Amino acid sequence: MEVLASLLSGLPVAAVLVGPDARIVAANRAAREMLGQAIEGRHFLTAMRQPDLRAAIEATAADDIPRSITYQTAQDGRDSTFRAHVAGVAVTVDARARGVLVSFEDLTEREQAAQMRRDFVANVSHELRTPLTALMGFIETLQGPARRDEAAIDRFLTIMAREAARMERLVRDLLSLSRVEGEERVRPRDPVDLAGVIGTVVTMLRPLARERGCALRFAPTEACLVPGNADQLQQVFTNLVENAIKYGGADNRVEITLAPHPDDVTLRGPAIAVTVRDRGPGIDPLHIPRLTERFYRVDTHRSREMGGTGLGLAIVKHIVNRHRGRLRIASEPGEGSNFSVILPRWDG
Ligand code: ADP
């Protein structure tokens, strides 16, 4: 039996061998972690109670035909999906005694990824369909009842341009997200001056801030180098500063600071923190952990009204990860929000 146990220990998946007397002859470590530590010697039913699994083991023990079944369990409070492969095998050298080998594939992560893909496609379709439906409606009206109504034509074309721009932004953000996700493993290593990048972002967003009555403050500092990709870092701070202006409400003040990060432990080396702070209504702590999920918004209607795609912070998170940095979000409802990006300093 030690030979059998040794064979099972070499398998990359959880595996259990059930003998001709329906008792568990051997189980590898992964199987013991999954089904219980002291299962060897016990009847297989004490460890594998799932009805389909039990039926498959009994059927294969009787007819020696291999079977595979998929089943769900709730383990440690989370739903898991397994595929069990059940096969008749010899359990003695002379092959007279036959048993059943049960091996388990954990499909949970694959299932979750598939579900995420389905949700993502459903979300993208919905986001694209909303402006598309509006555009088709206006095209129909312009071809029919409003054909000669100059005032209506003007008004409708303005709305149509806005809806088309929304679709264009969504497609641009989707492409951007897919690009940064694809590159996430490759760390960018060019020296980039963060102070310069933020200066450019501030110059570009000043007109928007002025339009919204928002005071935008950044005290230029001396050059501060990080290993990175300048375009992507510009995208990060454009998104954060634009959000602070958009969601900051009336009489808003947005302040950007750049300073050495005191807690160097997180990144295991000297780091630099850029904080974008607004004085808006803030974010309920309930939402904070989910803000970087694709299409997650606190208030969908308000985000749409502001021209948001719901992808900005997801893009920020991936770019920051690619730079081996951290994104920290802190907010007190009524006190505004702080979005900090902590990046390792250039050490070359
Ligand atoms: P959006 O395109 O909707 O702005 P983001 O991914 O950039 O998408 O942001 C996700 C959500 O996070 C926003 O819809 C908004 O609800 C919230 N949010 C982001 N930044 C701020 C901020 N500075 N203050 C309050 N809420 C914010």
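Residues numbered from 1 in each chain as written. Predicted model: local features only at pLDDT ≥ 70, side-chain atom pairs only at ≥ 80, totals over all residues. Heavy atoms only, no water.

Colleague: Explain the packing of aromatic side chains here, please?
Modeller: Aromatic ring pairs are defined here through the distance separating the ring centres and the angle between the ring planes. The final tally for this structure, using the stated rule, is 3 aromatic pairs. On the numbers, 5.0 Å between centres and 45 degrees between planes, the contact of Phe-138 with Phe-156 is tilted. Residue Phe-138 is found in helix H5 (residues 108–143), and its partner Phe-156 is found in helix H6 (residues 150–183); the two are separated by 18 residues along the sequence. Under the relative-accessibility criterion, Phe-138 is labelled buried at 18%. Directly above the ring of Phe-120 sits Arg-294, whose terminal nitrogen or CZ lies 4.3 Å from the centroid. (Phe/Tyr/Trp six-rings, centres within 6.5 Å; stacked < 30°, edge-to-face > 60°. Helix = DSSP H or I, 4+ residues; strand = E, 2+ residues; numbered from the N terminus. Buried < 20%, exposed > 50% of the residue type's maximum accessible area, 1.4 Å probe, protein only. Lys NZ or Arg CZ within 6 Å of the ring centre and 35° of its normal.)

Colleague: Help me out: how do you make sense of H6 in this one?
Modeller: An α-helical turn contains 3.6 residues, so a residue and the one three or four places further along point in the same direction. Taking 1.5 Å per residue, 34 residues should reach 50 Å; H6 reaches 49 Å between its end C-alpha atoms and fits that length. The inward-facing, buried residues of H6 contact H5, helix H8 (230–247), helix H9 (300–305) and helix H10 (312–322). (Expected span 1.5 Å × (residues − 1). Contact = heavy atoms within 4.5 Å.)

Colleague: Could you clarify how one ought to interpret the sheet that holds strand S11 (residues 326–332) in this entry?
Modeller: Read from one edge of the open sheet, 5 strands run S7-S9-S10-S12-S11, paired in mixed fashion. Two strands close off the open sheet at either side, each with one partner strand: strand S7 (215–218) and S11. Sheet twist, expressed as the mean angle between neighbouring strand axes with direction ignored, is 15 degrees. Inspection of the sheet shows strand S9 (residues 253–260) paired to strand S10 (residues 271–277) by 6 bridges, in the antiparallel sense. Within S10, the residue paired with Ala-259 across the bridge is Ala-273. Packed onto the sheet, H8 meets S7, S9, S10 and strand S12 (336–344) and runs at close to 170 degrees relative to S12. (Pairing = 2+ DSSP bridges. Axes fitted to C-alpha atoms, helices over the stretch in contact; angles between N-to-C directions.)

Colleague: Sorry, what's going on with empty space enclosed by the protein here?
Modeller: Any empty space left between atoms is shown by rolling a water-sized probe over those atoms. This structure, assessed with the given rule, holds 1 cavity of 30 Å³ or more. Considered as a void within the structure, the largest cavity measures approximately 60 Å³ in volume. Along the walls of the largest cavity sit Glu-127, Pro-131, Arg-166, Met-167, Leu-170, Arg-297, Arg-304, Gly-308 and Thr-309, which together make up its complete lining. Mapped onto the lining of the largest cavity, the elements with two or more residues apiece are H5 and H6. Split by domain, the lining of the largest cavity shows at least three residues from each of two domains, domain 2 (108–183) and domain 3 (187–348). (1 Å grid on protein atoms, 1.4 Å probe; cavity = no way out; pocket = protein on both sides within 12 Å on 5 of 7 lines; lining within 4 Å. Points joined across faces, edges and corners; volume = space filled by probe spheres on them. Domains from an automatic or database assignment.)

Colleague: Mind showing me how you'd approach the nonpolar core here?
Modeller: Buried together is how nonpolar side chains tend to be arranged in soluble globular proteins. By size, the foremost hydrophobic cluster in this structure holds 47 residues, and its most contacted members are Leu-194, Leu-216, Phe-237, Leu-240, Ile-256 and Leu-258. A total of 8 residues in this core trace back to one element, the largest contributor, which is helix H7 (residues 194–211). Inspection of this core shows a minimum of three residues originating in each of domain 2 (108–183) and domain 3 (187–348). If we skip the residues at most four places from it in the chain, Leu-216 touches Val-202, Leu-205, Arg-206, Ala-209, Val-241, Ile-245, Val-254 and Ile-256. In this structure, Val-18, Ala-47, Ala-56 and Ala-84 belong to the second largest nonpolar core, which totals 23 residues. (Core = buried A, V, L, I, M, F, W, Y, C linked by side-chain atoms within 4.5 Å.)

Colleague: For this particular structure, what's the right way to read the pattern of salt bridges?
Modeller: When the charged atoms of two side chains lie near each other, side chains of opposite charge can form a pair. Summed over the entire model, instances satisfying the criterion amount to 14 salt bridges. One salt bridge in this structure joins Asp-63 and Arg-67, with 2.7 Å as the shortest N-O distance. A relative accessible area of 25% means that Arg-67 is categorised as partly exposed. Two residues, Glu-293 and Arg-290, come together in a salt bridge whose shortest N-O distance is 2.9 Å. Its relative accessible area of 40% is what places Arg-290 among the partly exposed residues. (Salt bridge = Lys/Arg side-chain N within 4 Å of Asp/Glu carboxyl O.)

Colleague: I would appreciate a short explanation of the site of the ligand in the present structure.
Modeller: Around the ligand, the structure places 19 residues, and the nearest of them are Tyr-247, Ser-303, Thr-309, Gly-310 and Leu-313. At 2.9 Å, a side-chain N or O of Asn-243 approaches an oxygen atom of the ligand. Between the ligand and the protein, one listed contact pairs an oxygen atom with a side-chain N or O atom of Tyr-247 at 2.6 Å. Taking a 2 Å distance to the grid points as the criterion, the majority of the atoms of the ligand fall inside the largest pocket. Looking at the shell around the ligand, the elements with two or more residues in it are H8, H10 and S12. The element that contributes the greatest number of residues to the shell around the ligand is H8, accounting for 4 residues. (Near = heavy atom within 4 Å. Polar contact = N/O pair within 3.5 Å; in protein donor to acceptor, adjacent residues only side chain to side chain. Sits in = over half its atoms within 2 Å of the grid points.)

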